[in-house]
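Inside the fold
Listed below are the residues making up each chain.
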Amino acid sequence: ASWERGIIKYDHKNLYSYTTTNGLSINSVWGMVIDSEGNIWAGTFGGGLSCLKNQTFTTYSSKSGLINNAISSVCLAPDSTIWLSAEGGISKFTPATGVFKNFTTADGLTSTKLMGITSQKDGTIWATLYGGPNLIKIVNDKVEKNSPPGGGFGMFTDASDTIWWGTDGGGAWR
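Remember, predicted model here, so these are calculated numbers, not experimental data. (Residues numbered from 1 in each chain as written. Predicted model: local features only at pLDDT ≥ 70, side-chain atom pairs only at ≥ 80, totals over all residues. Heavy atoms only, no water.)

Moving on to the sheet that holds strand E5 (residues 48-53). Ordered by their spatial adjacency, four strands build an open sheet running E3-E4-E5-E6, and the pairing between neighbours is antiparallel. Looking at the sheet topology across the chains shown, the edges are occupied by strand E3 (29-34) and strand E6 (56-60). Adjacent strand axes in the sheet meet at a mean angle of 20 degrees when their direction is disregarded. Relative to E5, strand E4 (residues 40-44) runs antiparallel, the two being bridged by five bridges. (Pairing = 2+ DSSP bridges. Helix = DSSP H or I, 4+ residues; strand = E, 2+ residues; numbered from the N terminus. Axes fitted to C-alpha atoms, helices over the stretch in contact; angles between N-to-C directions.)

Shown next as structure tokens:
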């Protein structure tokens with residue numbers, strides 16, 4: 001991921017760059033995942049969700065049902081759905097159907113300033129909010145709240161299925 005250089009690939013010999021010249025929606029990429037088929041899903045900050053499949057980009061935007069085109073983080077759930085934290089809430093995308101399901105304050109989010117997102121092996125989704133409560137848990141498409149100190153930023157799940165996230169003034173949590 002990069003601020004203004006698109007997607008950069010390194011194959012242990014050469015650097016390759018995928019940008020708007022190659023069909024990427026915008027060059028500000030904030031999060032990426034690779035699915036089981038080798039497709040690259042890039043969350044851009046302003047250009048929506050871009051998928052690189054067979055050297056061709058397909059872009060999904062708010063016109064496609066995405067909650068907002070400013071995506072801050074992306075994760076792949078065990079059921080192959082793509083989860084996105086964005087300005088305005090969370091989007092769950094099902095590539096097989098091309099359908100988005102959005103989560104907003106109407107669904108229980110207490111802030112629209114989403115930062116990080118990750119999933120666990122059982123399909124539980126975790127997202128960090130900038131503002132409180134700062135940690136959101138989504139189980140079976142239902143939002144639950146948790147409240148550790150400090151605003152949340154990036155997060156990931158390690159090999160033992162433990163969730164880690166950075167905060168604004170509260171250190172790193174797990």
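One open sheet holds the four strands; their spatial order is E7-E8-E9-E10, and the pairing between them is antiparallel. Because the sheet does not close on itself, it has two edges, and the strands there are strand E7 (71-76) and strand E10 (99-103). With strand direction ignored, the average angle separating the axes of adjacent strands in the sheet is 20 degrees. Across five bridges, strand E9 (residues 89-94) lies against E10 in antiparallel orientation. Bridging across to E10, lysine 92 finds its partner in lysine 101.

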